[in-house]
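# Chain and residue survey
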Amino acid sequence: MKYHPIISSKGLLAVWLLLFTVATSVDLYAQEPEEDEIDLLLDELFFNEQQFIDDILNSFNTYNFIYVNTSFYNNTFFSGRDSGIDQFSIVPQVSYYSSSGFNVSVSGILYETFEPNWDYTNVSVGYFNTMGKDKRVTYNAEYTRFFYADGWDTFTNSLSLGVGLRTKKRNLGTTLGVSYLFGTDGSFQISSRTYANITIARQKKSVVRFRPKINFLIAQQTIALEQLNAQINEPSAEIIYDDIFDLLNTQINLPFSISTKSWDFEVGYNINFPSPVKSETDLKTTGFFNLSVGYLLDLDKKTL
């Protein structure tokens, strides 16, 4: 029997989508020039992007802010795999964060060639906090609801839990997350990220950083296989389905960011090393550039 993998782009999108919302992509870097704590808190709250400094709780009794961010990706890959369609994507996002640990965000994604172009909108509600004397251990929980433009209902919700550990100086760290994606069907995911936070240059009103990361995605995936049945007089193709739980992708992120008092700008290059599963063969390494701009609005300022 000969098997041909048929992995639907929507199925891969679901896995990539969960990775995107929990473990990889929207980097939040805005900050006050003397208060890098806010910058690092934004990173950590998204679990996918980095360090949180305990001084934020010591320096501020309360904080409430809104962060607006738009990211551009010059090409789109699903679980690191090339779908054969070159297209850019744009991801706008609006988020609110409170010193209580509560956070909520609304985001979506627009593809260049998909129909409809606006693929989905998601709303997330989460909680983030720290543990230990040095607050080097972090944890977070999040619920996300997805609204698809085409009414797709296989995966419309996700529940995520994450823990992290970082060095005392908050310049190195690692995180681990577990997620359950569900709707009319269900899927589990495990994602991990190891990162560094390197300050390249600092001025009175700006800072330049390099934040390399390596991410791993292990997920449950249903793969449709085309099977040639030659045991009958007239051979015919049959579709069979197989569930897997395996490493799907390893991704290296190489982002540089420039942050001022309220604005942040980032440019980076990302490399995917997709891992073949079942009958997949000859998966190529893929890469793409990302650009993003963000603005932080401090709701506690008297001038607002």
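Residues numbered from 1 in each chain as written. Predicted model: local features only at pLDDT ≥ 70, side-chain atom pairs only at ≥ 80, totals over all residues. Heavy atoms only, no water.

An unreviewed UniProt entry annotates the protein chain as DUF481 domain-containing protein of Maribacter aquimaris.

### Re the overall build of the protein chain
This is how it is decided: Only DSSP runs of H or I with at least four residues qualify as helices, and only runs of E with at least two residues qualify as strands; both kinds are numbered from the N terminus onward. With a 1.4 Å probe rolled over the protein chains alone, any residue whose accessible area is under 20% of its type maximum counts as buried; one over 50% counts as exposed, and the rest are partly exposed. Note on contacts: a residue pair qualifies if any of its non-hydrogen atoms lie within 4.5 Å across the two residues.
Scanning the protein chain from terminus to terminus reveals three helices and 15 strands. Within the span of the protein chain, comprising 304 residues, buried residues form 49% of the whole. Contacts in the protein chain between residues far apart in sequence, at least 24 positions, make up 57% of those at least 6 positions apart.

### Structural notes on the confidence of the model for the protein chain
Our working rule: Note on scores: pLDDT gives the predictor's confidence for each residue, bounded by 0 and 100.
Chain-level statistics for the protein chain give a pLDDT mean of 76 and a share of 71% at 70 or above. Within the protein chain, the element-level pLDDT minimum falls on strand β1 (residues 3-6), averaging 32, and the maximum on strand β14 (residues 263-274), averaging 93. Below a pLDDT of 50 lies the segment residues 45-60, which in the model reaches 82 contacts outside its immediate sequence neighbourhood of four places, other chains included.

### A word on the packing of aromatic side chains
Heads up, the condition is: Working definition: a ring pair exists when centres of Phe, Tyr or Trp rings (six-membered ring for Trp) sit within 6.5 Å. Plane angles under 30 degrees give stacked, over 60 give edge-to-face, the rest tilted.
Enumeration over the complete set of coordinates arrives at 20 aromatic pairs. With a centroid separation of 6.4 Å and an interplanar angle of 45°, the aromatic rings of Tyr 127 and Tyr 139 are classed as tilted. Remark: Tyr 139 occurs in strand β6 (residues 137-148) and Tyr 127 occurs in strand β5 (residues 118-131); sequence separation between them is 12 residues. With relative accessibility at 34%, the residue Tyr 127 sits in the partly exposed group. Pairing Tyr 148 with Trp 152 gives two aromatic rings, centres 5.0 Å apart and planes at 85°, and the pair type is edge-to-face.

### Concerning the nonpolar core
Going by this rule: Residues enter a nonpolar core if they are buried and are Ala, Val, Leu, Ile, Met, Phe, Trp, Tyr or Cys, with the set joined through side-chain atoms within 4.5 Å.
Counting residues in hydrophobic clusters, the biggest one holds 14 residues, and the most contacted among them are Ile 109, Tyr 111, Tyr 120, Phe 146, Tyr 148 and Phe 155. Of all the secondary-structure elements, those providing two or more residues to this core are β4 (102-111) and β6.

### A short note on the environment of Asn 129
Residue placement: Asn 129 occurs in strand β5. On the basis of relative accessible area, Asn 129 is assigned to the partly exposed category, the value being 23%. The spacing of Asn 129 and Tyr 139 is 10 residues in sequence and 5.7 Å in space, taken between C-alpha atoms.

### Some points on unusual backbone geometry
Negative phi is the rule for most residues except glycine; trans is the rule for most peptide bonds. Here Glu 115 and Pro 116 are connected by a cis peptide whose omega angle stands at -5°. Within the fold, Pro 116 resides in the loop between β4 and β5. Residues other than glycine seldom take positive phi values, yet Ser 79 does so here, at roughly 55°. Secondary-structure assignment places Ser 79 in the loop between β2 (64-73) and β3 (89-98).

### A word on the environment of Tyr 120
Within the secondary structure layout, Tyr 120 lies in strand β5. Owing to a relative accessible area of 0%, Tyr 120 belongs among the buried residues under this scheme.

### A short note on the environment of Pro 255
With respect to the helices, strands and loops of the structure, Pro 255 is situated in strand β13 (residues 236-259). Between the C-alpha atom of Pro 255 and that of Gly 268, which follows or precedes it by 13 residues, the distance is 3.9 Å.

### Some details on the pairing of strand β10 (residues 198-202)
Cut-off, in case you're wondering: The criterion for strand pairing is that DSSP finds at least two bridges linking the strands in question.
Looking at chain direction, β10 and strand β11 (residues 207-210) are connected through four bridges and run antiparallel. Paired with Ile 198 across the strands is Phe 210, a residue of β11. Hairpin connection between β10 and β11: a loop of four residues separates the two successive antiparallel strands.

### Here's the deal with the side chain of Asn 290
Threshold: Polar contact is defined as a pair of N or O atoms within 3.5 Å, subject to the rule that within protein one atom must be able to donate a hydrogen and the other to accept it, and that residues adjacent in sequence are counted only when both atoms are side-chain atoms.
Its location among the elements puts Asn 290 in strand β15 (residues 286-298). Accessibility expressed as a relative area gives 7% for Asn 290, which makes it buried. Of the polar contacts made by the side chain of Asn 290, one reaches the side chain of Asn 270; its length is 3.0 Å. If we ignore the near neighbours within four places in the chain, the residues touching Asn 290 are Phe 72, Tyr 73, Glu 266, Val 267, Gly 268, Tyr 269 and Asn 270.

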